[in-house]
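Geometric and topological summary
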Amino acid sequence: MQQPANACPEWVTIELLRKAVRSYKNDDTFEVNDFSVKSGFSEHFASVMLQCKIDCKSVNTERETLNVVVKARQIIEGLKAIACEEAMFENEIRMYTSTLPAFNRLFARFGMNIDLAPEFIYATNDPFPIIILKDLTIDGYFAPRTSFEDLEDAKQVIQRIAQFHAASFYLSGTNQMDFHDYKFTAYENEDIFYKLYNTSVNVFKEVLETWDGYQEFIPKIERYMEQIGEIGRKSHSINKANYGYNVLNHGDFHTRNLLVKLNSKQNLQQFCLIDYQLSIYCSPAIDLNYAASMLSRDENGDIPYDDVIVFYHQEFVKTLNTFGYTEPIPSLIDLNVELIRHGRTNVLMLIIFVPYGYIDWTTTRMEDFMGTNENDEKAKMFKKSLYNQPICKAIMQRTLKSFLHKGWL
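Residues numbered from 1 in each chain as written. Predicted model: local features only at pLDDT ≥ 70, side-chain atom pairs only at ≥ 80, totals over all residues. Heavy atoms only, no water.

1. Concerning the overall build of the chain
Quick note on the threshold: Numbering goes from the N terminus for both helices and strands, where a helix is a DSSP run of H or I of at least four residues and a strand is a run of E of at least two. Per-residue accessibility, obtained with a 1.4 Å probe over protein chains only, is compared with the maximum for each type, and a residue is labelled buried under 20%, exposed over 50%, and partly exposed between these values. A contact between two residues is defined here by any heavy atoms of the two lying within 4.5 Å.
Helix and strand content of the chain: 14 helices and 9 strands. In the chain, which comprises 409 residues, the proportion classed as buried is 51%. In the chain, once contacts between residues fewer than 6 apart in sequence are set aside, the share between residues at least 24 apart is 72%.

What follows is the structure, encoded as structure tokens:
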């Protein structure tokens, strides 16, 4: 049969989808009768993302439709190629084929019904890394752009990452799994940060020039960016014995890496994590540094971050106790030491991500904000306008001082 003509990449073939369906169904009699592909449904910087509708049938079943998402690492040029590291996809394939199933078995053993990710369908490295997952958008799931307005919704997500961390801590601590192979960090390639983020940092420095009393931060930020690779690699390194503790982190734990489904009151009904490409075994601070982005700010720009960290630790301990873990469990003091010791990347996250909360996403594309052309005056003016919004400005100013006092600048 002819492949569909709706902008279908040549590597999405009947053969690929047949292998996927047969593996998923554990039935070698399945055949793919037809399929269609839709691109552009998701903004994803480091991958090619496609929705695929597969019409299939086996000798023992009725004809059925399987809706999947095909995620691939292609050989591409330009800025995307920098972020499209092969190690990232190796990480994610390992997560879906080995680690997440082990976590699911652990949770099921103790009666915990936890959705960690969309259902896995198939993975291959031929002709390049490809992952196929169940398409949850068909059931009303979507990736939110902004923080959760309801604190209880945000706490559900924080609870999930605490359970995820606890599962890795338990399996490692009982010598059932070794997570040391999860060691890739995007900070290994400093070009990512210079080409992705240096424009925004330079814009922010220009803004600081106009803020009375904040010009002194400019050379501090310049020195920070000169050391960003080393700072990031150190923050993402495995803690040595008797010097902190380690868990398996999602590694890119923000709202755009969630799929959520809301109820009739627009509160969180169901959700799962996606994009495990940057999963890394190190301090829990890596994921918790992102937690602030999950929380809505009040009229003063404040967030209940400390309360959420206490809640996270309570859930972490509760989960380990459920598993019957008998070894010492890190205390809240231990956790806060991790947050201080591994918190320097928060400076870059402040500069880049805090303005997200003040973007009108109904009129703005991700590319408009993440532009990397330093001559793009329109993008620069847009970013400056975000930094200079009164509430955003107040947040940036007091947080810079806080970071200075913590020794991060």
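From this point, things continue past the structure.
2. Quick look at the pattern of salt bridges
The condition that has to hold: One speaks of a salt bridge when a side-chain nitrogen belonging to Lys or Arg is within 4 Å of a carboxyl oxygen belonging to Asp or Glu.
This model, assessed by the stated rule, comprises 13 salt bridges. Note that Lys71 and Glu92 form a salt bridge whose closest N and O atoms lie 2.8 Å from each other. Residue Lys71 is found in strand E3 (residues 64–72), and its partner Glu92 is found in helix H3 (residues 86–109); the two are separated by 21 residues along the sequence. Glu92 shares its class with Lys71; the two are buried. The residue Lys71 makes a salt bridge to Asp275 at a minimum N-O spacing of 2.5 Å. Remark: Asp275 occurs in the loop between strand E8 (268–273) and strand E9 (280–282) and Lys71 occurs in strand E3; sequence separation between them is 204 residues. For the residue pair Lys71 and Asp275, the accessibility class agrees, reading buried in each case. Overlapping salt bridges, with partners in common, bring together Glu206, Glu377, Lys380 and Lys384 in one network.

3. Some details on the confidence of the model for the chain
Predicted coordinates in regions of low pLDDT should not be interpreted in detail. Counted only if it meets this: As a per-residue measure, pLDDT tells how confident the predictor is, with possible values from 0 to 100.
For the chain, mean pLDDT is 89; residues scoring 70 or higher make up 89% of the total. Per-residue pLDDT stays below 50 along residues 1–5; that stretch engages in 12 contacts with residues further than four places along the chain or on separate chains. Taken together, the stretch residues 77–84 has pLDDT below 50 and engages in 21 contacts with residues farther than four places along the chain or on a different chain.

4. Side note on the packing of aromatic side chains
Aromatic ring pairs are defined here through the distance separating the ring centres and the angle between the ring planes. Rules: Classification of ring pairs rests on two measures: the distance between centres of Phe, Tyr or Trp rings, Trp counted by its six-membered ring, which must be within 6.5 Å, and the angle between planes, read as stacked under 30 degrees, edge-to-face over 60 and tilted in between. A ring is scored as having a charge over it whenever the NZ atom of a lysine or the CZ atom of an arginine sits within 6 Å of its centre and within 35 degrees of its normal.
What the rule picks out here adds up to 22 aromatic pairs. Measuring from centroid to centroid gives 6.2 Å for Trp211 and Tyr214, while their planes differ by 90°, and the two rings are edge-to-face. Trp211 gets classed as buried once you look at its relative accessible area, which sits at 1%. Accessibility expressed as a relative area gives 8% for Tyr214, which makes it buried. Through pairs of rings, three or more aromatic residues link up here, namely Phe107, Phe110, Phe169, Tyr170, Tyr245, Tyr312, Phe316, Phe323 and Tyr325. Directly above the ring of Phe311 sits Lys155, whose terminal nitrogen or CZ lies 4.6 Å from the centroid. For the cation-ring pair, Arg341 lies above Tyr243, with the distance from its terminal atom to the ring centre recorded as 3.9 Å.

5. Things to note about the pairing of strand E5 (residues 130–134)
For clarity, the cut-off: One bridge is not enough; two strands pair if DSSP finds at least two bridges between them.
Counting buried residues in E5 gives 4 out of 5 residues, a clear majority hidden from the surface. Linking strand E4 (residues 120–124) back to E5 in an antiparallel pair, the connection comprises 5 residues.

6. Looking at unusual backbone geometry
Between Asp126 and the following residue, Pro127, the backbone shows a cis peptide bond with an omega angle of 10°. Topologically, Pro127 is positioned in the loop between E4 and E5. Of note, Asn26 is a non-glycine position whose phi angle comes to about 55°, a positive value. Mapped onto the secondary structure, Asn26 falls in the loop between helix H1 (14–25) and strand E1 (31–39). Here Gln266, not a glycine, exhibits a phi torsion of approximately 65°, which is positive. Topologically, Gln266 is positioned in the loop between strand E7 (258–262) and E8. Its relative accessible area of 55% is what places Gln266 among the exposed residues.

7. Quick notes on the environment of Lys71
Looking at Lys71, the relative accessible area reads 3%, which means it is buried. When the C-alpha atoms of Lys71 and Phe89 are compared, they prove to be 9.6 Å apart, with 18 residues separating the residues in sequence.

8. Re the side chain of Glu315
Quick note on the threshold: Under this rule, positive means Lys or Arg and negative means Asp or Glu; His and the chain ends count for nothing.
Checked against the element boundaries, Glu315 lands in helix H9 (residues 305–323). One buried charged residue, Glu315, remains without a salt bridge, the closest side chain of opposite sign being Lys318 at 4.4 Å. Excluding residues within four positions of it along the chain, Glu315 makes contact with Gln159 and Ala162.

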